[in-house]
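Residue-level listing of the chains:
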Amino acid sequence: GSEHLISHALDELGIASETLHGKKVGTISEFTLFLQNKDNVGLKNLLRTMNIKPQIPGFASIDENLKIRVFETAKIISPDRSTILDNFTADELLVLYYKFMKRENK
């Protein structure tokens, strides 16, 4: 669902193109579970074992406007699919992403 849409948006915008799709989706899935108020400790442990950090690939090196564009693109990239992304604006998703990252970095 939503993690694939964000991954495809990154691809469309040429962000983190060196990162494999599966790694992107795995990494992004933690954030999308956060959006759904679900914590999956097993997934988190598995990803850490694989040295996959809880951040959207490429986000550390781009500005806020481009981050918002990623979320805008993800929301429209497959209009026939309904995901958790539909519940938020792109601006709200960015705020939630920062909240997620703050929680993860404690």
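Above this text sits the structure in question.
Every chain begins its residue count from 1, and numbering advances along the sequence as written. The model is predicted, so local features are restricted to residues of pLDDT at least 70 and side-chain atom pairs to those at 80 or more, both for listing and for counting; the totals for chains, interfaces and linings are taken over all residues. Side-chain measures here rest on the full set of heavy atoms in the structure, leaving out hydrogens and waters.

Draft legend 1. Region of the structure containing the environment of Thr27. Position of Thr27 among the secondary structure elements: in helix H2 (residues 21-35). For the exposure calls, accessible area comes from a 1.4 Å probe over protein chains only, and a residue counts as buried if that area is under 20% of its type's maximum, exposed if over 50%, partly exposed in between. Note on Thr27: relative accessible area 5%, which makes it buried. Distance from Thr27 to Ala74, taken between C-alpha atoms, is 16 Å for residues 47 residues apart in sequence. Any pair of residues with heavy atoms lying within 4.5 Å of one another is described as a contacting pair. When sequence neighbours within four positions are dropped, the list of residues in contact with Thr27 reads Ile52, Lys53, Pro54, Gln55, Ile56 and Pro57. Helix and strand definitions here come from DSSP, where helices need a minimum of 4 consecutive H or I residues and strands a minimum of 2 consecutive E residues; each element is numbered from the N-terminal end.

Draft legend 2. Main features of the nonpolar core. By size, the foremost hydrophobic cluster in this structure holds 26 residues, and its most contacted members are Ile6, Phe31, Ile56, Phe59, Val70, Phe71 and Tyr97. Taken together, the elements giving at least two residues each to this core come down to helix H1 (2-12), H2, helix H4 (64-76) and helix H5 (90-104). In contact with Phe59, not counting residues within four places along its chain, are Leu10, Lys67, Val70, Phe71 and Tyr97. Working definition of a nonpolar core: buried Ala, Val, Leu, Ile, Met, Phe, Trp, Tyr and Cys residues. They are joined through side-chain atoms within 4.5 Å.

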